[in-house]
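Listed below, chain by chain, are the residues.
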Amino acid sequence: MPLALLALAVGAFGIGTTEFVMMGLLPDVADDLHISIPSAGHLVSAYALGVVIGAPLLAAVTARMSRRTVLISLMGLFVAGNALSALAPDNGWLLAARFLSGLPHGAFFGVGAVVATNMVAPERKARSVSLMFLGLTVANVAGVPVATLMGQNLGWRATFLGVSAIGLAAIAALAFLIPHDHEHTTAQGLRGELAALRSLPVWLSLGTTVAGFGALFSAYSYITPMLTDAAGYAGASVTLLLALFGVGATAGNLLGGRLADHSLRGTLFGGLTALVVVLALFPLLMRTELTAAVAVILLGMAAFATGSPLQLMVMEKASSAPSLASSANQAAFNLANAGGAWIGGLALAAGFGVTSPALAGAALAVLGLAVAALAYTVDRRRAPAAGRERIVASHVPQEAETVHH
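Residues numbered from 1 in each chain as written. Predicted model: local features only at pLDDT ≥ 70, side-chain atom pairs only at ≥ 80, totals over all residues. Heavy atoms only, no water.

Chemist: Just checking my understanding: could you explain the overall build of the protein for this structure?
Modeler: Tallying secondary structure elements over the protein gives 15 helices and 0 strands in all. Across its three principal directions, the C-alpha atoms of the protein cover 85 × 45 × 35 Å. By sequence separation, contacts in the protein at least 24 residues apart represent 85% of the contacts at least 6 residues apart. Total accessible area computed for the protein in this model is approximately 17,200 Å², and 68% of it derives from carbon and sulfur atoms. Taking the average place of the 19 positive charges on the side chains of the protein and the average place of its 17 negative ones, the gap between the two points comes to 9 Å. (Helix = DSSP H or I, 4+ residues; strand = E, 2+ residues; numbered from the N terminus. Contact = heavy atoms within 4.5 Å. Areas by Shrake-Rupley, 256 points an atom, 1.4 Å probe, with all protein chains shown as cover. Lys, Arg positive; Asp, Glu negative; His and termini not counted. Charge placed at Lys NZ, Arg CZ, Asp CG, Glu CD.)

Chemist: Got a minute to help me understand empty space enclosed by the protein in this structure?
Modeler: Going through the model one piece at a time under the given rule, you end up with 3 cavities of 30 Å³ or more. Here the largest cavity is characterised by a volume of approximately 220 Å³. In terms of lining residues, the largest cavity is bounded by 14 residues, among which Leu136, Phe213, Phe304, Gln330 and Phe333 are the most central. Counting only elements with at least two residues in the lining of the largest cavity, the list comes to α1 (4–33), α5 (125–154), α8 (200–220) and α14 (322–349). When residues in the lining of the largest cavity are grouped by element, the largest group, 4 residues, is from α14. The residue makeup of the lining of the largest cavity, split by class, is 7 nonpolar, 6 polar and 1 charged. (1 Å grid on protein atoms, 1.4 Å probe; cavity = no way out; pocket = protein on both sides within 12 Å on 5 of 7 lines; lining within 4 Å. Points joined across faces, edges and corners; volume = space filled by probe spheres on them. Nonpolar A, V, L, I, M, F, W, Y, C, P; charged D, E, K, R; others polar.)

Chemist: Explain the packing of α1 against helix α3 (residues 67–87) to me, please; I cannot follow it from the model alone.
Modeler: The description of two helices packed together rests on the angle between their axes and the distance between the axes. It is at 12 Å that the axes of α1 and α3 come closest, and there the two elements cross at 30°. As the angle between them shows, α1 and α3 are arranged roughly parallel. The interaxial crossing formed by α1 with α3 has left-handed handedness. Residues Leu8, Gly11, Gly14, Ile15 and Thr18 of α1 touch α3, and the partners they reach there are Leu71, Met75, Phe78 and Asn82. In terms of residue class, the contact of α1 with α3 is built from 5 nonpolar, 4 polar and no charged. (Axes fitted to C-alpha atoms, helices over the stretch in contact; angles between N-to-C directions. Parallel < 35°, antiparallel > 145°, perpendicular 65-115°, else oblique. Left-handed = near helix turned anticlockwise from the far one by under 90°.)

Chemist: Help me understand α1, please; the structure alone is not making it clear to me.
Modeler: Side chains three or four residues apart in an α-helix point the same way, a direct result of the helix having 3.6 residues per turn. With 30 residues, α1 extends 40 Å between its outermost C-alpha atoms, agreeing within 8% with the 44 Å of an ideal straight helix rising 1.5 Å per residue. Its maximal kink placed at leucine 25, α1 deviates by approximately 65°, while the proline proline 27 follows within four residues. Among the 30 residues that make up α1, 21 are buried, leaving the element largely enclosed by the rest of the structure. Just downstream of α1, histidine 34 is the residue with a positive phi angle, here 60°. (Expected span 1.5 Å × (residues − 1). Bend = angle between axes of the 7 residues up to and from the residue. Buried < 20%, exposed > 50% of the residue type's maximum accessible area, 1.4 Å probe, protein only.)

Chemist: What am I meant to see in the packing of aromatic side chains here?
Modeler: The geometry of an aromatic ring pair comes down to the distance between the two centres and the angle between the two planes. Scanning the model with the defined rule gives 7 aromatic pairs in all. Here the aromatic rings of phenylalanine 108 and phenylalanine 109 are separated by 6.1 Å at their centres, their planes lie at 85°, and the arrangement is edge-to-face. Relative to phenylalanine 160, the ring of tryptophan 156 lies with its centre 6.1 Å away and its plane at 80°, an arrangement referred to as edge-to-face. Of the two residues, tryptophan 156 and phenylalanine 160 both sit in helix α6 (residues 156–177), 4 residues apart, roughly one turn of that helix. Here tryptophan 156 and phenylalanine 160 have matching classes, each one buried. Each residue in the set Phe213, Tyr220, Phe245, Phe304 and Phe333 is aromatic and connected to the rest through ring pairs, giving one cluster. (Phe/Tyr/Trp six-rings, centres within 6.5 Å; stacked < 30°, edge-to-face > 60°.)

Chemist: Explanation requested: a nonpolar patch on the surface in the structure shown.
Modeler: A grouping of Leu49, Ile53, Leu57 and Val61 is seen on the molecular surface, where their side chains present a nonpolar patch of about 340 Å² in accessible area. Its place among the elements puts leucine 49 in helix α2 (residues 37–61). In this structure leucine 49 comes out as partly exposed when scored by relative accessible area, which is 46%. (Patch = residues over 30% accessible without salt bridge, like charges linked within 9 Å, V, L, I, M, F, W, Y side chains within 5 Å. Salt bridge = Lys/Arg side-chain N within 4 Å of Asp/Glu carboxyl O.)

Chemist: What's the story with the nonpolar core in this structure? I'm lost.
Modeler: For soluble globular proteins, the rule of thumb is that nonpolar side chains tend to be buried together. Residues Leu216, Phe282 and Met286 are the most contacted members of the largest nonpolar core, which totals 46 residues. For this core, the secondary structure elements donating two or more residues are α8, α9 (223–230), α10 (238–260), α11 (264–285), α12 (289–304), α13 (307–317), α14 and α15 (356–404). Among the elements that line this core, the one with the most residues is α11, at 9 residues. Apart from the residues lying within four places of it in its own chain, the contact partners of leucine 216 are Phe245, Leu299, Ala303 and Phe304. Membership of the second largest hydrophobic core comes to 36 residues, among which are Ala4, Leu5, Val129 and Leu174. (Core = buried A, V, L, I, M, F, W, Y, C linked by side-chain atoms within 4.5 Å.)

Chemist: What is the right way to read the layout of surface pockets from this model?
Modeler: Here the idea is plain: a probe the size of a water molecule rolls over the atoms and shows the empty space left. Size it by volume and the largest pocket reaches roughly 930 Å³. Broken down by secondary-structure element, the contributors of at least two residues to the lining of the largest pocket are α1, α2, α5, α8, α9, α10 and α14. Per element, the largest residue contribution to the lining of the largest pocket is 7 residues, and it comes from α2. Grouping the amino acids of the lining of the largest pocket by side-chain chemistry returns 18 nonpolar, 13 polar and 1 charged.

Note that all results are geometric; they support no functional claim without further evidence.
This is the structure we're talking about:
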């Protein structure tokens, strides 16, 4: 695997850290800015909104630029957003800075996935994407806990300055390790890029992402009360258990990338099925501390085993605009985050019990399987038609050549 993938992983590590660290810093930010914790929670939403808007928009408007230049520019925007977060004088400025920090998130992963797959042989594409995502999963194991401790001991502003430093290191790595490339020869401007998203298979792939990762976040958003109220863990132990989730996510990400290179669709179906089973068993697994810890690891493994297959599938379905489609998939991940948390909250509010968000997640994972099956059916029906088109096209030049001679 090319060393250049390390540069993408460093950028992903910084992005993953700044995305998830805010959850642990909400009380500190609320106290310092004299706002309520629910108001501080809007800072999480502001970042997610930035991802959803910025992912397809920035990928589309930079379509004609060198991908190396795009990646470095996006990481520069990331550094600026986090530096402004550290310097924000009040909640309004911090909201704007968090929105700015989220803008480059999806486009970086989207363009980065295209760069990663272009640097390796076809049989290693999924593995290359999983190595880029490795930075994101390792952020949950090391980056977020360390950044949270830094914020609690040195102040939350120090955390965002530290993340800015990671971003600068990523810029240096990108500049030294990512090979120079030419402008996109197939780019046809914003209208041409958006035209690639009119394909039904692309939207079915994006729908699978929303449902599949919505299943994860339906449960993960409420994992703390499950661990404390159902499994009996002390609140101080939750940070370690969340690190175990990161370990599971890292293992699942690497395993999913390796398996997807052998069978993309099989890995996707297998991961979603495993996610259904794990979430359905959550009420039983949350009855003891040991089985609850195992459940957290298995949740990370099952969910992130589908990450690379989903990313690669979207890119293949929109081959004429892979950067835009890949970035749109990152927006779908964040819609899944928000939608899954909302659905899990509905289950809790309805009084179905502290583990009910996991069962709601299992239902979403079943929906993801159904959408993936529909996408498979559509592909099967389109394959014969595509084959006939290729046969007709292959005969046209021969006939023209005969007339010419």
